[in-house]
Amino acid sequence: MQRWHIRDIILVTILAIFMGVIFWAVGPLYAILAAALAPAGLQPLANELLLGIWVMAGPLAGFVIRIPGAATLGEFLGAAVEMFLGGTWGAATLISGAVQGIGSELGFAFTGYKHYNWLTLTLSALTTTLVTFLWDYFRSGYNAYHLGFLLVLLVVRFISVFIFGGVLTHLITNLLTRAHVLPAVSKR
């Protein structure tokens, strides 16, 4: 298994700073979307639609750096940047970052950190979706919603996480490789 080097620490930090700024910028968009959906009783969908953006640092760091712990560290540091920029949720962002990072990390762990392909990104999206949904079930009061609405929220969350944490992560990694920012690696 690969060990951490200073280059990896610098790279995860750069990715986290970049993603943390994006996380912070999405906060006002969330407020607008939640307000627009509230009259129809669909305010929780705002979180589900945007969650893929908020969890993207984990799969991006895990897929780019390819070292155990990269997804968790990337997501947590991204959350820290969002918090220090004055994000809406304050210090609670750190807890969310840890939960989201662990959820993403599980997808990589299930492949033994040996495969970095669509299956791994799909597993990461699935584990992130399940772990964060369970967290929100208790923390955000999702346990008060009826089963049909919970299923809609879960499906929308998975689609969002897969698009941002899977598809966009894969595209960014390919672009970074073609630009010679990352070394070319085998598909494994």
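Here the structure is a predicted model, which is why all the values come from computation and not from measurement.

A short note on the overall build of the protein
Link 1 in the chain: Across its full length, the protein holds 7 helices and 0 strands.
Link 2 in the chain: For the protein, the N- to C-terminal ordering of α and β elements is α-α-α-α-α-α-α.
Link 3 in the chain: By its C-alpha atoms, the protein is 50 × 30 × 25 Å across when sized along the principal axes.
Link 4 in the chain: Of all intrachain contacts in the protein linking residues separated by at least 6 positions in sequence, the fraction that spans at least 24 positions is 72%.

Thoughts on the packing of aromatic side chains
Link 1 in the chain: A complete count under the given rule lists 11 aromatic pairs for this structure.
Link 2 in the chain: When the ring of Tyr145 is compared with that of Phe149, the centres are 5.2 Å apart and the planes differ by 85°; the resulting orientation is edge-to-face.
Link 3 in the chain: Classification of Tyr145 as partly exposed rests on a relative accessible area of 27%.
Link 4 in the chain: Here a set of aromatic residues connected by ring pairs shows up, and it is made of Phe133, Tyr142, Tyr145 and Phe149.
Link 5 in the chain: The ring of Phe63 carries the charged tip of Arg66 above its face, separated from the ring centre by 4.9 Å.

Looking at the side chain of Asp8
Link 1 in the chain: Within the secondary structure, Asp8 sits in helix α1 (residues 6-37).
Link 2 in the chain: What Asp8 contacts, discounting residues up to four positions off in sequence, is Gln2, Arg3, Ile65 and Ile67.

Quick look at helix α6 (residues 118-139)
Link 1 in the chain: Look at α6: 31 Å from first C-alpha to last across 22 residues, which is about the 32 Å you get at 1.5 Å a residue.
Link 2 in the chain: In this structure, the buried residues of α6 make contact with α2 (44-54), α3 (57-65), α5 (92-109) and α7 (147-178).
Link 3 in the chain: Just downstream of α6 lies Gly141, where phi reads positive at about 80°.

Regarding the pattern of salt bridges
Link 1 in the chain: This structure, assessed with the given rule, holds 4 salt bridges.
Link 2 in the chain: A salt bridge links Arg157 to Asp136; the nearest nitrogen and oxygen atoms lie 2.5 Å apart. Taken together, the residues Arg157 in helix α7 and Asp136 in helix α6 connect sequence positions 21 residues apart. Accessibility classification places Arg157 together with Asp136 in one group, the buried group.
Link 3 in the chain: Among the charged side chains, a salt-bridge network with shared partners connects Glu48, Asp136, Arg139 and Arg157.

Quick look at the packing of α3 against α7
Packed helices, taken two at a time, are described by the angle between their axes plus the distance between the axes.
Link 1 in the chain: One way to put it is that α3 packs onto α7 with a least axis distance of 9 Å and a crossing angle of 40°. Our classification of the angle between α3 and α7 gives oblique. α3 and α7 meet at a crossing whose hand is right-handed. Residues Pro59, Leu60, Phe63 and Val64 of α3 form the contact with α7, whose participating residues are Gly165, Thr169, His170, Ile172 and Thr173.
Link 2 in the chain: Classifying every residue of the contact of α3 with α7 by side-chain character gives 5 nonpolar, 4 polar and no charged.

Here we look at the UniProt feature "transmembrane region" (unreviewed entry) in the protein
Link 1 in the chain: According to UniProt, the positions carrying the feature "transmembrane region" (unreviewed entry) are residues 9-37, 49-67, 79-103, 115-135 and 147-172.
Link 2 in the chain: Across residues 9-37, helical content stands at 100% and strand content at 0%; the span's end C-alpha atoms are separated by 40 Å.
Link 3 in the chain: As a span, residues 49-67 carries 79% helix and 0% strand, and end to end its C-alpha atoms are 29 Å apart.

Let's talk about a nonpolar patch on the surface
Link 1 in the chain: A contiguous nonpolar patch, built from Ile6, Ile9, Ile10 and Ile14 and spanning about 390 Å² of accessible area, is present on the exposed surface.
Link 2 in the chain: Mapped onto the fold, Ile6 is located in helix α1.

Quick word on the side chain of Glu82
Link 1 in the chain: As for its position among the elements, Glu82 is in helix α4 (residues 70-84).
Link 2 in the chain: Here Glu82 occupies a buried position and makes no salt bridge, while the nearest side chain of opposite charge, Arg139, is found at 10 Å.
Link 3 in the chain: Ignoring sequence-local partners within four residues, the contact set of Glu82 consists of Gly20, Phe23, Trp24, Trp54, Gly87, Trp89 and Thr93.

Rules used throughout
- Per chain, residue numbering runs from 1 following the sequence as it is written.
- Totals for whole chains, interfaces and linings use all residues, but because this is a predicted model, local features are given only for residues with pLDDT of at least 70 and pairs of side-chain atoms are given and counted only at 80 or more.
- Hydrogens are left out, water is left out, and the side-chain values use all remaining heavy atoms of the structure.
- Helix numbering and strand numbering both begin at the N terminus, where a helix is a DSSP run of H or I of at least 4 residues and a strand a DSSP run of E of at least 2.
- Should any heavy atoms of two residues lie within 4.5 Å, those residues are considered in contact.
- The pairing test for Phe, Tyr and Trp rings, Trp by its six-membered ring, is centres within 6.5 Å, and the orientation test on the planes gives stacked under 30 degrees, edge-to-face over 60, and tilted for anything in between.
- Throughout this description, buried means an accessible area under 20% of the type-specific maximum (1.4 Å probe, protein chains only), exposed means over 50%, and partly exposed covers the range between.
- Only when the NZ atom of a Lys or the CZ atom of an Arg is both within 6 Å of the ring centre and within 35 degrees of the ring normal do we say a charge sits over the ring.
- What a helix is expected to span follows from its residue count: subtract one and scale by 1.5 Å.
- What counts as a salt bridge is simple: a side-chain nitrogen of Lys or Arg found within 4 Å of a carboxyl oxygen of Asp or Glu.
- Between N-to-C directions, angles cover 0 to 180 degrees, with each direction set by a line fitted to C-alpha atoms, over the stretch in contact for helices.
- Roughly parallel covers angles under 35 degrees, roughly antiparallel covers those over 145, roughly perpendicular covers 65 to 115, and oblique covers all other angles.
- In this scheme the handedness of a crossing depends on how the near helix is turned from the far one: anticlockwise by less than a right angle means left-handed, clockwise means right-handed.
- Ten residues, namely Ala, Val, Leu, Ile, Met, Phe, Trp, Tyr, Cys and Pro, are considered nonpolar, four, namely Asp, Glu, Lys and Arg, are considered charged, and the remaining ones, Gly among them, are considered polar.
- UniProt positions are given in the numbering used here, feature names are shortened, and annotations may be inferred rather than shown by experiment.
- Patch members must show over 30% relative accessible area and no salt bridge, and they are joined within 9 Å when carrying like charges or within 5 Å when they are nonpolar side chains of Val, Leu, Ile, Met, Phe, Trp or Tyr.
- In short, Shrake-Rupley with a 1.4 Å probe defines the accessible areas, and a residue's cover is counted only from the protein chains shown.
- Counted as positive: Lys and Arg. Counted as negative: Asp and Glu, with His and the chain ends omitted from the count.

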